[in-house]
Amino acid sequence: MGNFILIPILFFAFVVLLMSFFVVKQQTAAIIERFGRFQSVRNSGLQMKIPLVDRIAGRVSLKITQLDVIVETKTLDDVFVKLKVSVQYVVIRDKVYEAFYKLEYPHEQITSYVFDVVRAEVPKMKLDDVFVKKDDIAIAVKAELQDAMLDYGYDIIKTLVTDIDPDAQVKAAMNRINASEREKIAAQFEGDAARILIVEKAKAEAESKRLQGQGIADQRREIARGLEESVEVLNKVGINSQEASALIVVTQHYDTLQAIGEETNTNLILLPNSPQAGSDMLNNMVASFTASNRIGEAMKKDPSKPKNPK
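As the structure is a computational prediction, the values presented were derived from the model and not from experiment. (Residues numbered from 1 in each chain as written. Predicted model: local features only at pLDDT ≥ 70, side-chain atom pairs only at ≥ 80, totals over all residues. Heavy atoms only, no water.)

Asker: When you look at the side chain of Ser 20 in this model, what are you seeing that I'm missing?
Answerer: Examined against the element boundaries, Ser 20 turns out to sit in the loop between helix H1 (2-19) and strand S1 (21-24). A relative accessible area of 5% places Ser 20 in the buried class. The contact partners of Ser 20, leaving out residues within four places of it in the chain, are Gln 47, Met 48, Lys 49 and Pro 51. (Helix = DSSP H or I, 4+ residues; strand = E, 2+ residues; numbered from the N terminus. Buried < 20%, exposed > 50% of the residue type's maximum accessible area, 1.4 Å probe, protein only. Contact = heavy atoms within 4.5 Å.)

Right under this line is the structure:
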């Protein structure tokens, strides 16, 4: 009979012993209350409490937690914009009591401060400044939260403005402005390229004309030298300079006719082109040379007369 009574007692003692020990995970703090009153804070590891007297009122995470808050507000230039503010915070190890007992809903408290700061800072800025000065907004949010949440046992690690989302129509207008600016720059580059091309083309044409003129000058120089040599050869056989010049011109005339005849598809017409054209040309040239020589001799004999009588 005694054995039957001893077994329940031993079993009850074993259960009580098990209830005396508990485990606290890493980066976690356990709040122990005794008869509803705060007793102690237990850190990670195997811990012990008085069964039926002490109880675990709650556990507080000591890890860094991130809270994302989306705030809609209006800028200085009357543009509605949504900002996503990410707040990273952690419970201070030495202030687990304050974090557990003083603040019931930390997320709601932090959200309220973020709304208050953002709606106080953004309306002072134009939309473009919001994008440029988003770090200033994050710093202002952190400063406000740091002072407010420190008394509640929370430390603000970092605040970030991770997204800025204007109204859809505003974004479309901004994209059109950006596209217009880029098209303007592209047109300027194209205009500069076209102007450079025109200038370089003009330079190339000028150089081509210069070389072409130089080639023509060289060609005429060589022709004149050849004519001079031809006249000297004809003078040696008793033909004077006038007759030699006329003979050379007539010879070139017939050479030209021969060159034209060799081309089957030529459209060149040489005037005059009659059979007696060569003879007439030769007579005219001899007469012109004779007349010019007479005028020159007369002017030499009477130098008082003007050289260019009107």
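Resuming the write-up.
Asker: So what exactly am I meant to see when it comes to unusual backbone geometry here?
Answerer: In most cases, non-glycine residues show a negative phi, while peptide bonds are predominantly trans. You will see that Gln 27, though not glycine, has its phi angle at about 60 degrees, which is positive. Mapping Gln 27 onto the fold places it in the loop between S1 and strand S2 (28-34). On the basis of relative accessibility, which here comes to 27%, the residue Gln 27 falls in the partly exposed class. The phi angle at Phe 35 is positive, at roughly 55 degrees, despite the residue not being glycine. With respect to the helices and strands, Phe 35 occurs in the loop between S2 and strand S3 (37-42).

Asker: Where do I start with the sheet that holds strand S6 (residues 65-74) in this structure?
Answerer: Where strands meet in a sheet, backbone hydrogen bonds hold them as pairs that are either parallel or antiparallel. The 3 strands are arranged S6-S7-S8 in an open sheet whose pairing can be described as antiparallel. Looking along the sheet, the strands with just one partner apiece sit at the ends: S6 and strand S8 (154-166). The sheet shows a mean angle of 20 degrees between the axes of neighbouring strands, taken without regard to direction. Note: S6 against strand S7 (residues 80-91), 10 bridges, orientation antiparallel. Bridge pairing in S7 links Asp 68 to Ser 86. Running over the sheet, helix H3 (residues 106-121) touches S6, S7 and S8 and is turned about 35 degrees from S6. Contacts from helix H5 (residues 134-149) reach S7 and S8 within the one sheet, and its direction differs from that of S8 by about 145 degrees. (Pairing = 2+ DSSP bridges. Axes fitted to C-alpha atoms, helices over the stretch in contact; angles between N-to-C directions.)

Asker: Please clarify how the sheet that holds S3 should be interpreted in this entry.
Answerer: Taken in spatial order, the 3 strands line up as S3-S2-S5 in an open sheet, and their pairing is antiparallel. Of all strands in the sheet, those bounded by a partner on one side alone are S3 and strand S5 (54-61). Across this sheet, the average inter-strand angle for adjacent strands is 30 degrees, counted without regard to direction. In the sheet, S2 pairs with S3 via 5 bridges, with the strands oriented antiparallel. In the strand pairing of S3, Arg 34 is matched with Arg 37.

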